[in-house]
Amino acid sequence: MPMIDRSREFALAQDAIDPLAPFRSEFLLPSRTAAIDPAAASRRTDETPAVYLAGNSLGLQPRATRAAIEQELDDWANLGVEGHLHAKHPWLPYHEEIRNDAALVVGASPHEVVVMNSLTVNLHLLMAAFYRPTPARHAIIIEDAAFPSDSHAVQSQIVHRGFDPAISLIRLKPRPGEHTLRTQDIVQTIDHHSSSLALVMLGAVNYLTGQWFDMPAITAAAHRAGAISGWDLAHAVGNVPLALHEIGADFACWCSYKYLNSGPGAIAGAFVHERHLSRTDLPQFAGWWGNDPATRFAMGPEFTPVHSADRFQLSNPPIFSMTPVRVSLELFRRAGMARLRAKSLRLTAYMEGLIDDLNARLAAPAVQIVTPRDPAQRGCQLSLLITPDDARPDAPPDAATVKAAHERLSRHGIIVDFRSPNIIRAAPVPLYNTFLDVWTFVQALEQVIGPNAPVPHT
Ligand SMILES: Cc1ncc(COP(=O)(O)O)c(C=O)c1O
């Protein structure tokens, strides 16, 4: 294990040379009270900020968001219906204004992306068009540890088409004793089911383990098998650099409330590869905002899909909900995914190094990192299994133990999240987290799990 400088001064020195450091001040950081006693923190105070490492769950509020929403409210108040054309950001083409920046974060051409709906809704809309099972080809492959909503969505699509999930749904499981999936096993499963496979639909970065799958290899394998390649980017977008167009993915969907910092339940996004955009044989669900804008207001009954991802839009966009997405994507354009990734690699490796160092100083390793050690197979999140020092070192960490550790971290002013049954997820987000945040987190972790930590009541 390489030596790591575990001094506070080292963390501060890294922050001092971080070219992205100024972006932190563009966000509102919850206070320590939000971690320690959230009920008391509902009104903002100007006290010390919490160490916020939960951007993988809900990203922080950009300072610019409030004024941008107020601008829309003002335009509505002052212009009424004229705002469609004359608002500062005209409402009629609002989604078109956003898509250039959205395309940058997913590696697509602007006409391949659209900001609309929410994630699970978009998954359904795109599966309605791209999952066309036949008696011969009906199977869907997902991760066994897929996010529940993805499982529900694919199962219900299978049932909706008159097939049986017990037969048509194939779940990818790690090898015994392993937490993450091996690319060769994924590809082998795809090859094995190639004659019956209709769709491969994985979370590009798994929500639980933080594993970033080999998207080019899996997309290529799906296509070799004659299947559609769809991706859920909830934990990937804004976290890792994506190249959806180049790898040839058929479709992808994402939410905007995690790394994209657009607020709880924010409007989501969707990608459809350009090879599908002019198709006349796509059995898609349709609404007037998917119609070619040139004839949309002719008000005829015929649906003429526009030759862009907009063809999947059903309704006119909710401006107040689109605004935070627009504001946030501007920040991403300014920061740039390449610079964000460069910082992310360093920040997450720093957290990993400090945790390894902590384990090495304890009588028995207490924190198991289940996220891949290979930086090319992960984004910023590390998923941690915790075993207190006084527990039997060979005992698997149980949910109560990990939950208790999570609660004790909160009392140290740390906001990370806990996922059942036994994972703590910590995500140092390069847009607003610092090396000092990571250092402070690992200090707290040491106090929470070290020899003097109180034994949790189970
Ligand atoms: C991987 C993944 N898929 C789907 C969802 C569900 O998203 P939504 O509630 O926005 O539909 C989430 C939410 O966190 C998620 O992490």
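Residues numbered from 1 in each chain as written. Predicted model: local features only at pLDDT ≥ 70, side-chain atom pairs only at ≥ 80, totals over all residues. Heavy atoms only, no water.

Trainee: I'm lost on the sheet that holds strand β14 (residues 417–419) in this one. Help?
Mentor: Each strand in a sheet pairs with another by means of backbone hydrogen bonds, the pair being arranged parallel or else antiparallel. The strand order β11-β12-β15-β14 describes an open sheet built from four strands, whose pairing is antiparallel. Every other strand in the sheet has two partners, leaving β11 (367–369) and β14 as the edge strands with one partner each. Averaged over all pairs of adjacent strands, the angle between their axes in this sheet comes to 35 degrees, without regard to strand direction. Two strands pair when backbone bridges link them, and β14 and strand β15 (residues 423–426) are joined in this way by three bridges, in the antiparallel orientation. Within β15, the residue paired with Asp417 across the bridge is Arg425. (Pairing = 2+ DSSP bridges. Helix = DSSP H or I, 4+ residues; strand = E, 2+ residues; numbered from the N terminus. Axes fitted to C-alpha atoms, helices over the stretch in contact; angles between N-to-C directions.)

Trainee: Is there a simple way to explain the sheet that holds strand β6 (residues 169–172) in this structure?
Mentor: The seven strands lie next to each other as β4-β10-β9-β8-β7-β5-β6, forming an open sheet whose pairing is mixed. The sheet is open, and its two borders are formed by β4 (113–115) and β6, each paired with just one other strand. Neighbouring strand axes in the sheet, compared pairwise and without regard to direction, differ in orientation by 15 degrees on average. As defined by bridge partners, strand β5 (residues 139–143) adjoins β6 across four bridges and the pair is classed as parallel. Paired with Ile141 across the bridge in β6 is Ile170. Contacts from helix α10 (residues 215–224) reach β7 (197–203) and β8 (228–232), with the element oriented near 145 degrees to β8. (Contact = heavy atoms within 4.5 Å.)

Trainee: Could you clarify how one ought to interpret helix α6 (residues 119–130) in this entry?
Mentor: Each turn of an α-helix holds 3.6 residues, which means side chains three or four residues apart point in the same direction. Over its twelve residues, α6 extends 16 Å from the first C-alpha to the last, a length consistent with the 16 Å expected when each residue adds 1.5 Å. A large share of α6 lies buried, amounting to nine of its twelve residues. For α6, the set of buried residues is Leu119, Asn122, Leu123, Leu125, Leu126, Met127, Ala128, Ala129 and Phe130. Taken together, the buried residues of α6 touch α7 (148–160), β7, β8, β9 (251–254) and β10 (269–272). (Expected span 1.5 Å × (residues − 1). Buried < 20%, exposed > 50% of the residue type's maximum accessible area, 1.4 Å probe, protein only.)

Trainee: Just to check I follow, could you spell out the pattern of salt bridges for this structure?
Mentor: Pairs may arise between side chains of opposite charge once their charged atoms sit close together. Counted by the stated rule, this structure contains 22 salt bridges. Taking the shortest distance from any N to any O, the salt bridge between Arg171 and Asp144 comes out at 3.0 Å. Here Asp144 lies in the loop between β5 and α7 and Arg171 lies in strand β6, a separation of 27 residues in the sequence. The exposure class assigned to Arg171 is partly exposed, which follows from its relative accessible area of 28%. By relative accessible area, Asp144 is classed as partly exposed at 30%. Among the ionic pairs, Glu352 bridges to Arg378, the shortest N-O distance being 2.9 Å. With a gap of 26 residues between them, Glu352 in helix α14 (residues 337–361) and Arg378 in the loop between β11 and β12 (382–386) connect regions that are remote in the sequence. Residue classification places Arg378 among the buried residues on the basis of a relative accessible area of 2%. What emerges from the salt-bridge pattern is a single network uniting Arg6, Asp357, Arg361 and Glu446. (Salt bridge = Lys/Arg side-chain N within 4 Å of Asp/Glu carboxyl O.)

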